[in-house]
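# Fold and contact review
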Amino acid sequence: MRRVKRNIKLDIFAICVIMVAFIGSCGKNKQEASAKIQVFAAASTTNAVTDIAKEFTASTGIEVETNFASSSTLAQQIETGAEADVYISANQKWANYLEEKKLCQERKTLLGNRIVIVVPAKSEIAGDSPEILLGEEIKNIAMGDPSHVPAGKYGKEALEKLGLWEKLSTKVTAAKDVRSALAYVETEAAEAGIVYSTDAAISDKVKVIYKFPQGATNQPISYPAMILNKSAEPENAKKFFEYLQDEKADEIFKGYGFMIN
């Protein structure tokens, strides 16, 4: 009987040990599963932010899921309840929009950029002035939709300041974001396009024929980042937000042609 009772006690002890281990494992798995953040970022930052996210995950173990689109599209998704922890906009307007909606917890302007005119790599179109867009050989000018896409708005502002917008507006092919505008030129669906210099730099299918000078737009081209106040992972979001300002991130951004603020 004593042996039986002893075995029963041992069995109960073993079961307890297994249960504690199981609960601990579940807690650990749950914690690991929650170590993930959602980053919504402007399409023009796709390559840089993807690289930065990989470095951040390797350094911290925190996974980063990214969603790249036009700043306007992302801001509207966030406003309507999309789960996001960090937002990176290609202009101040859409960051202001979310801040006015009281959806911003912390904000910092990270980067600068400039706009350029590109043509397909094999194109014979050449020139050193935006007036080249007036030529009959250019029938379509690809741009982010000027009504809401930052790159398109910057392009429109630059052309308006030069007195060219009214003459060229009928040629404009409005794209959903700047990367789509780049794709139109890459595939020769458009004879020219206005994109960020950083977009042109990643493609061997286009060439730059004109760089708009600093001050060509009404406001400097800048990229604010923010932690969203509905973040499900505020501590991890804060870590990524700070990593975006780290020297390692700066080097990656500069490698893609961004200017560091």
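Residues numbered from 1 in each chain as written. Predicted model: local features only at pLDDT ≥ 70, side-chain atom pairs only at ≥ 80, totals over all residues. Heavy atoms only, no water.

## A closer look at the packing of aromatic side chains
Formally: In summary, the pairing rule links any two rings of Phe, Tyr or Trp, Trp by its six-membered ring, whose centres are within 6.5 Å, and it sorts them by plane angle into stacked for under 30 degrees, edge-to-face for over 60 and tilted for everything else. Numbered from the N terminus, helices here are DSSP runs of H or I no shorter than four residues, and strands are runs of E no shorter than two. For every residue, the accessible area obtained with a 1.4 Å probe (protein chains only) is divided by the maximum for its type, and the residue is called buried under 20%, exposed over 50%, and partly exposed between those limits.
One pass over the full model with this rule turns up 8 aromatic pairs. Each ring, one from phenylalanine 56 and one from tyrosine 243, has its centre 5.4 Å from the other, and the planes form 65 degrees; the classification is edge-to-face. With phenylalanine 56 in helix H2 (residues 46-60) and tyrosine 243 in helix H9 (residues 234-243), the pair connects residues that are 187 residues apart, well separated along the chain. The same class applies to phenylalanine 56 as to tyrosine 243, namely buried.

## Focus on the confidence of the model for the protein
Note the threshold: The quantity known as pLDDT measures the predictor's confidence residue by residue, on a range of 0 to 100. Only heavy atoms matter for contacts: two residues are in contact if any of them lie within 4.5 Å across the pair.
Per-chain confidence: the protein averages 90 in pLDDT, with 87% of residues scoring 70 or above. The low-confidence segment residues 12-23 (pLDDT under 50) makes 0 contacts with residues lying over four places distant or belonging to another chain. Predicted confidence is poor over residues 25-33, with pLDDT under 50, and the contacts of this stretch with residues over four places away or in other chains come to 0 contacts.

## Structural notes on the pattern of salt bridges
Defined as follows: The rule for a salt bridge is simple: a side-chain nitrogen of Lys or Arg has to be within 4 Å of a carboxyl oxygen of Asp or Glu.
Following the criterion strictly, the structure yields 7 salt bridges and no others. Of the charged contacts in the structure, one is a salt bridge between lysine 36 and glutamate 65, with a shortest N-O distance of 3.3 Å. Here lysine 36 is found in strand S1 (residues 36-42), whereas its partner glutamate 65 is found in strand S2 (residues 63-69), with 29 residues between them in sequence. For lysine 36, a relative accessible area of 28% puts it in the partly exposed group. A salt bridge links arginine 179 to aspartate 199, with the nearest nitrogen and oxygen atoms 2.6 Å apart. Note that arginine 179 is positioned in helix H7 (residues 178-186) and aspartate 199 in helix H8 (residues 197-201), a separation of 20 residues in sequence.

## Structural notes on the sheet that holds strand S7 (residues 172-175)
What counts here: When DSSP finds at least two bridges between two strands, those strands are taken to pair. All axes here are fitted lines through C-alpha atoms, helices being fitted over the stretch that makes contact, and every angle between N-to-C directions spans 0 to 180 degrees.
Taken together, 5 strands build an open sheet; the order of strands is S7-S6-S8-S5-S9 and the sheet is mixed. The two strands at the open ends of the sheet, each matched to only one other strand, are S7 and strand S9 (206-211). On average, adjacent strands in this sheet sit at an angle of 35 degrees to one another, irrespective of strand direction. Alignment of strand S5 (residues 115-120) against strand S8 (residues 192-196), held across 4 bridges, turns out to be antiparallel. Bridge pairing in S8 places isoleucine 117 opposite isoleucine 194.

## As for the environment of serine 222
The condition that has to hold: Think of a polar contact as two N or O atoms within 3.5 Å of one another; within protein, one of them needs to be a possible hydrogen donor and the other a possible acceptor, and neighboring residues in sequence only count if both atoms come from side chains.
Within the fold, serine 222 resides in strand S10 (residues 222-228). Since its relative accessible area comes to 10%, serine 222 is described here as buried. Here the alpha-carbon distance between serine 222 and asparagine 113, two residues 109 residues apart in the chain, equals 6.5 Å. Ignoring sequence-local partners within four residues, the contact set of serine 222 consists of Ser89, Ala90, Asn91, Gln92, Thr109, Leu111, Gly112 and Tyr154. In terms of polar contacts, serine 222 uses its side chain to reach the side chain of glutamine 92, at 2.9 Å.

## Examining H7
Helical geometry note: an α-helix holds 3.6 residues per turn, so side chains three or four residues apart project in the same direction. The complete set of buried residues in H7 reads Val178, Arg179, Ser180, Ala181, Leu182 and Val185. With a side-chain oxygen positioned 3.1 Å from the backbone nitrogen of arginine 179, the residue opening H7 is aspartate 177. Looking one or two places after H7, you find glutamate 188, whose phi comes out positive at around 65 degrees.

## Here's the deal with unusual backbone geometry
Although it is not a glycine, lysine 102 adopts a positive phi angle of roughly 60 degrees. Classification of lysine 102 by relative accessible area gives exposed; the value is 67%. Residues other than glycine seldom take positive phi values, yet glutamate 188 does so here, at roughly 65 degrees.

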